[in-house]
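Read off the chains here:
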Amino acid sequence: MNEATNRVIANYESGHILTSILTALLAMGKDLNHLVATDLAPVDEFHIRGRESTTELANLAKLERGQRLLDVGCGLGGSVRYLCEEFGIIATGVDLTGEYIDTAVALTDLVGMQNQVSFWQASALELPFEDEVFDVVWTEHVQMNIADKLAFYREMNRVLRPGGKLVFHDIFQGEGGDVHFPVPWAPGPEISHLVTPESVKTIITEAGFEILQWEDKTVYSNEWFLAMLAKIKVSGPPPLGLHLLLGDEAKTKLGNVQRNLAENRIAVVQAVCVKLQ
Ligand SMILES: C[S@@+](CC[C@H](N)C(=O)[O-])C[C@H]1O[C@@H](n2cnc3c(N)ncnc32)[C@H](O)[C@@H]1O
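Cut-offs used in this document
Counting of residues starts from 1 at the beginning of each chain's written sequence and follows it residue by residue. Per-residue local features of the predicted model are confined to residues with pLDDT of at least 70, and side-chain atom pairs are confined, for both listing and counting, to 80 or more; whole-chain, interface and lining totals are unaffected and use all residues. Water and hydrogen atoms play no part in the side-chain values, which are based on all heavy atoms of the structure. Helix numbers and strand numbers start at the N terminus; a helix is a DSSP run of H or I with at least 4 residues, a strand a run of E with at least 2. Whether a residue is buried, partly exposed or exposed follows from its accessible area with a 1.4 Å probe, protein chains only, as a fraction of its type maximum: under 20%, in between, or over 50%, in that order. Summarising the geometry, the arc corresponds to the directions from the helix axis toward the C-beta atoms. We call two residues in contact whenever any of their non-hydrogen atoms come within 4.5 Å of each other. Whenever a nitrogen or oxygen atom comes within 3.5 Å of another N or O atom, the pair is scored as a polar contact, on the condition that within protein one atom can donate a hydrogen and the other can accept it, and that pairs from neighbouring residues in sequence are kept only if both atoms are in side chains. Proximity is defined per residue: if any heavy atom of the residue lies within 4 Å of a molecule or strand, that residue is considered near it. Only the protein chains shown count as cover for residues, and all accessible areas are computed by the Shrake-Rupley method using a 1.4 Å probe. Definition of nonpolar core: a set of buried residues of the types Ala, Val, Leu, Ile, Met, Phe, Trp, Tyr and Cys, connected through side-chain atoms within 4.5 Å. Pairing between strands requires that DSSP locate at least two bridges from one strand to the other. Angles here are taken between N-to-C directions and fall from 0 to 180 degrees, while the axes themselves are lines fitted to C-alpha atoms, restricted in helices to the stretch in contact. By convention a crossover is right-handed if, when the strands point away from the viewer, the path from the first strand over the helix to the second runs clockwise. When the near helix sits turned anticlockwise from the far one by under a right angle, the crossing is termed left-handed; a clockwise turn instead gives a right-handed crossing. As a working rule, the residues Ala, Val, Leu, Ile, Met, Phe, Trp, Tyr, Cys and Pro are called nonpolar, Asp, Glu, Lys and Arg charged, and the rest polar, with Gly in that last group. Disulfides are defined in this document as cysteine sulfur pairs within 2.5 Å.

A. Structural detail: unusual backbone geometry. Cis geometry is found at the peptide bond from Phe 181 to Pro 182, where omega equals 0 degrees. Turning to its location among the elements, Pro 182 is positioned in the loop between strand E5 (160–173) and helix H8 (197–206). A positive phi angle is found at Arg 49, which is not glycine, with a value near 70 degrees. Locating Arg 49 in the fold gives a position in the loop between helix H3 (41–44) and helix H4 (50–61). Taking relative accessible area as the criterion, Arg 49 reaches 1% and is therefore assigned buried. The backbone of Lys 62 shows a phi angle near 50 degrees, a positive value even though the residue is not glycine. Here Lys 62 is to be found in the loop between H4 and strand E1 (68–72).

Here's what the structure looks like:
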């Protein structure tokens, strides 16, 4: 692994993610022997608007029962567990960060879904799959850490069957200027590779996709974030939440996401693309 890859992994690993999640669940009075996937939702969807955006994206993608779906940069696996339960898809998750994959496997076992979802530790740029084996490739908040965007979208194109869909919920460079750091995906600019929505459209097309739907969710994401931060200000952080993944600077990182949204320094997009035949 090269230096940049190690830095990305170091941004996400803490060495005690699973312990923190289990401790929080116990503090909430949950019985670890009778957990269900939704119990994990406050922490296992590491993207703006959490479960809400995953539901929206799934509806936008018109997922169908039995489809083979790959989540690239799946994190703790919350989205694939939800999509599997709700839409009956056959789900696979891939992530670079070993601790995330180990935690995803452990959480999936805990909620009894180990026969329904599989996880692999691998880079999005070298997916460990044959060509054209998935109906849907799904990715949320991952490409910000990847400098070579064309390689990223080409690799997802490779594993999709012709006519298959790429669906994503992602963060791009806004028109308001440079991002305030730290943010959840990077402590500073070294591992943050934001491009504008217009340039990513060109790259996606060059990678062999046609864009079917493109929804800018920046304004709404900012409203959602403001409401979430206001709630935390009144009641404090809930025992189980994204702060468990964000380390000592959790408050600053979350505050910076909201500031970046409000000042148009980042743009949030949900999109559905199709792999050309
Ligand atoms: C903000 S988290 C999002 C996780 C998940 N998609 C979600 O929405 O809950 C970003 C994830 O991207 C992963 N990631 C970053 N670069 C990657 C790469 N080159 N290949 C695979 N995963 C990567 C990180 O390990 C991390 O799990």
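B. Local environment of helix H1 (residues 3–12). The complete set of buried residues in H1 reads Thr 5, Val 8, Ile 9, Asn 11 and Tyr 12. Here the buried residues of H1 occupy an arc of 155 degrees about the axis, which is enough to place them on one side. Facing away from the buried side of H1 by more than 90 degrees, the exposed set consists of Glu 3 and Ala 10. In this fold, the buried residues of H1 make contact with helix H2 (17–27) and helix H6 (98–110). Here H1 starts with a cap whose side-chain oxygen sits 3.3 Å from the backbone nitrogen of Ala 4, and that cap is Asn 2.

C. A look at the site of the ligand. Every one of the 21 residues lining the ligand counts as a neighbour, but Phe 46, His 47, Gly 73, Asp 95 and Thr 97 are closest to it. Between the ligand and Leu 96, the relevant distance is 3.3 Å, taken from a nitrogen atom to a main-chain nitrogen or oxygen of the residue. Between the ligand and Ala 124, the relevant distance is 2.8 Å, taken from a nitrogen atom to a main-chain nitrogen or oxygen of the residue. For the ligand, whose accessible area on its own is 590 Å², the fraction buried by protein is 97%.

D. Structural detail: the nonpolar core. Ile 21, Leu 63, Leu 69, Leu 83, Trp 138, Trp 185 and Ile 266 are the most contacted members of the largest nonpolar core, which has 58 residues in total. Element by element, the count of residues in this core is highest for helix H5 (residues 78–87), at 5 residues. With residues near it in sequence (within four places) discarded, Trp 185 still touches Asn 11, Tyr 12, Met 144, Asn 145, Ile 171, Ile 191, Ser 192, Leu 194 and Ile 266. Grouped together as the second largest cluster of nonpolar side chains are 28 residues, Ala 124, Val 137, Phe 152 and Cys 273 included.

E. Structural view of the sheet that holds strand E2 (residues 90–95). The 7 strands are arranged E3-E2-E1-E4-E5-E7-E6 in an open sheet whose pairing can be described as mixed. Every other strand in the sheet has two partners, leaving strand E3 (117–121) and strand E6 (209–216) as the edge strands with one partner each. Adjacent strand axes in the sheet meet at a mean angle of 15 degrees, parallel and antiparallel pairs treated alike. Together, E5, E6 and strand E7 (266–275) form the strand contacts of H8, whose direction differs from that of E6 by roughly 155 degrees.

F. Layout of the pairing of strand E4 (residues 134–140). Taken across its 7 residues, E4 has 7 buried, putting it largely inside the fold. Pairing of E1 with E4, which is carried by 3 bridges, proceeds in the parallel orientation. Note that in E4 the partner of Leu 70 across the bridge is Val 137. Two elements, E4 and E5, share 6 bridges in a ladder whose sense is parallel. Residue pairing for E5: Val 136 is matched across the bridge by Lys 165. Viewed along the sheet, the connection from E4 through helix H7 (residues 149–159) into E5 turns out right-handed.

G. Up close: the packing of helix H9 (residues 218–235) against helix H11 (residues 250–262). Where H9 meets H11, the axes come as close as 9 Å, and the angle between the chain directions of the two elements is 145 degrees. For the pair H9 and H11, the sense of crossing is left-handed. Taking contact as the criterion, the partners of Thr 218, Ser 221, Asn 222, Phe 225, Leu 226 and Leu 229 in H9 are, on H11, Leu 254, Gly 255, Val 257, Gln 258, Leu 261 and Ala 262. Among the residues making up the contact of H9 with H11, the classes are represented as 7 nonpolar, 5 polar and no charged.

H. Structural context of the state of the cysteines. Applying the stated criterion across every chain, the model contains 0 disulfides. Of all cysteine sulfurs, the one in Cys 74 lies closest to Cys 84, which takes part in no disulfide; the gap is 13 Å.

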